[in-house]
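Chain and residue survey
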Amino acid sequence: MKKIGLFGGTFDPLHNGHLLMANEVRIQVGLDEIWFIPNHQPPHKTDRKRAESHHRVKMVEAAIQSNPHFRLELIEMEREGPSYTVDTVDLLKKRHPEDEFFFMIGADMVEYLSKWHRIDDLLQMITFIGMKRPGYVGSTAYPLLFADVPAFDVSSTLIRQRIEQGIPVDYLIPKAVERYIKEHHLYES
């Protein structure tokens, strides 16, 4: 039986902060692998244009290729419409009944767990891991583990803005992701 951390997100684009958090959680919680799950259509992010799904998948693939503990999982790309975590986890548990799953969430999401679609069902299927960061209390009535992750103040929004403005993104995203973005002219104005 493997202990697997699930890290879902839009990853538009995936950045070094994502990689740092994933690696720290894996080490601190003693997970065997982290599966990166790009959202096809996140239910809470409908107001802005995203890079097409195949581009986001390729960027995740490029970013994680050198870490044997990281894996790309395309389960949410298989479905149309919004991606709800409970549906994803249910399907993963059916496909991998021998594995134990943990779902990683940022400290900013911990206090919103009560608003998650079918949260009570989800809590029966997995353990949540809250990634602590400065400025967020991260208190909740729900049972979850916590992992301390180093502060690295970067966001996908910042990356997109810098690229659109022609500002370098050195040390914020993996070089392989930067090359992919340049080759495909993503996020340019």
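The structure reproduced in this document is the subject of the present report.

Thresholds, definitions, all that
Residues numbered from 1 in each chain as written. Predicted model: local features only at pLDDT ≥ 70, side-chain atom pairs only at ≥ 80, totals over all residues. Heavy atoms only, no water. Helix = DSSP H or I, 4+ residues; strand = E, 2+ residues; numbered from the N terminus. Rg over C-alpha atoms; globule rule 2.2 N^0.38 Å. Buried < 20%, exposed > 50% of the residue type's maximum accessible area, 1.4 Å probe, protein only. Contact = heavy atoms within 4.5 Å. Lys, Arg positive; Asp, Glu negative; His and termini not counted. Charge placed at Lys NZ, Arg CZ, Asp CG, Glu CD. Polar contact = N/O pair within 3.5 Å; in protein donor to acceptor, adjacent residues only side chain to side chain. Phe/Tyr/Trp six-rings, centres within 6.5 Å; stacked < 30°, edge-to-face > 60°. Lys NZ or Arg CZ within 6 Å of the ring centre and 35° of its normal. Salt bridge = Lys/Arg side-chain N within 4 Å of Asp/Glu carboxyl O. Pairing = 2+ DSSP bridges. Axes fitted to C-alpha atoms, helices over the stretch in contact; angles between N-to-C directions. Right-handed = clockwise from strand over helix to strand, strands pointing away.

**Things to note about the overall build of the chain**
The helix and strand inventory of the chain stands at seven helices and six strands. Each helix and strand of the chain, ordered N terminal to C terminal, gives the series β-α-β-α-β-α-β-α-α-β-β-α-α. Its C-alpha atoms give the chain a radius of gyration of 16 Å, within 12% of the compact-globule value 16 Å for 189 residues. Seen along its three principal axes, the alpha-carbon backbone of the chain occupies a region of about 45 × 35 × 35 Å. Within the span of the chain, comprising 189 residues, buried residues form 49% of the whole. Taking the contacts inside the chain whose residues are at least 6 apart along the sequence as the reference set, 70% of them involve residues at least 24 apart. For the chain, the distance from the average site of its 23 positive side-chain charges to the average site of its 27 negative ones is 1 Å.

**Topic: the environment of Q28**
Mapped onto the secondary structure, Q28 falls in helix α1 (residues 16-29). With 118 residues separating them along the chain, Q28 and F146 place their C-alpha atoms 9.2 Å apart. If we skip the residues at most four places from it in the chain, Q28 touches A147 and D148. Of the polar contacts made by the side chain of Q28, one reaches the backbone oxygen of D148; its length is 2.4 Å.

**Overview of the packing of aromatic side chains**
Applying the stated criterion across every chain, the model contains eight aromatic pairs. Relative to F128, the ring of W116 lies with its centre 5.4 Å away and its plane at 85°, an arrangement referred to as edge-to-face. Taken together, the residues W116 in the loop between α4 (107-110) and α5 (119-125) and F128 in strand β5 (residues 127-132) connect sequence positions 12 residues apart. Grouping residues by exposure puts W116 and F128 together as buried. Taken together, the ring pairs in this structure connect F7, F11, F36 and F70 into an aromatic cluster. Above the ring of W35, the side-chain terminus of R71 is found at 3.8 Å from the ring centroid.

**Thoughts on the pattern of salt bridges**
Enumeration according to the criterion identifies 10 salt bridges in this entry. Across the pair E33 and K2 runs a salt bridge whose closest N-O atoms are separated by 3.4 Å. Highlighted residues: E33 in strand β2 (residues 33-38) and K2 in the segment before β1 (3-9), separated in sequence by 31 residues. On the accessibility criterion, E33 (16% relative accessible area) is buried.

**Examining the sheet that holds β5**
Strand pairing in a sheet relies on backbone hydrogen bonds, with the paired strands running either antiparallel or parallel. The strand order β3-β2-β1-β4-β5-β6 describes an open sheet built from six strands, whose pairing is parallel. Strands with a single pairing partner mark the edges of an open sheet, and in this sheet they are β3 (70-72) and β6 (144-148). With strand direction ignored, the average angle separating the axes of adjacent strands in the sheet is 30°. Strand direction decides the pairing type here: strand β4 (residues 100-106) and β5, joined by five bridges, are parallel. Note that in β5 the partner of M104 across the bridge is I129. Those strands touched by helix α2 (residues 53-64) are β2 and β3, and its axis lies near 160° from that of β3.

**Topic: the pairing of β2**
Buried residues dominate β2, accounting for six of its six residues. Of the two faces of β2, both are covered, the one formed by E33, W35 and I37 as well as the one formed by I34, F36 and P38. With six bridges connecting them, β1 and β2 associate as parallel partners. Residue pairing in the sheet places L6 in a bridge with W35 of β2. Crossover β1 to β2 through α1 is right-handed. Note that β2 and β3 share three bridges and pair parallel. Bridging from a neighbouring strand, I34 pairs with F70 of β3.

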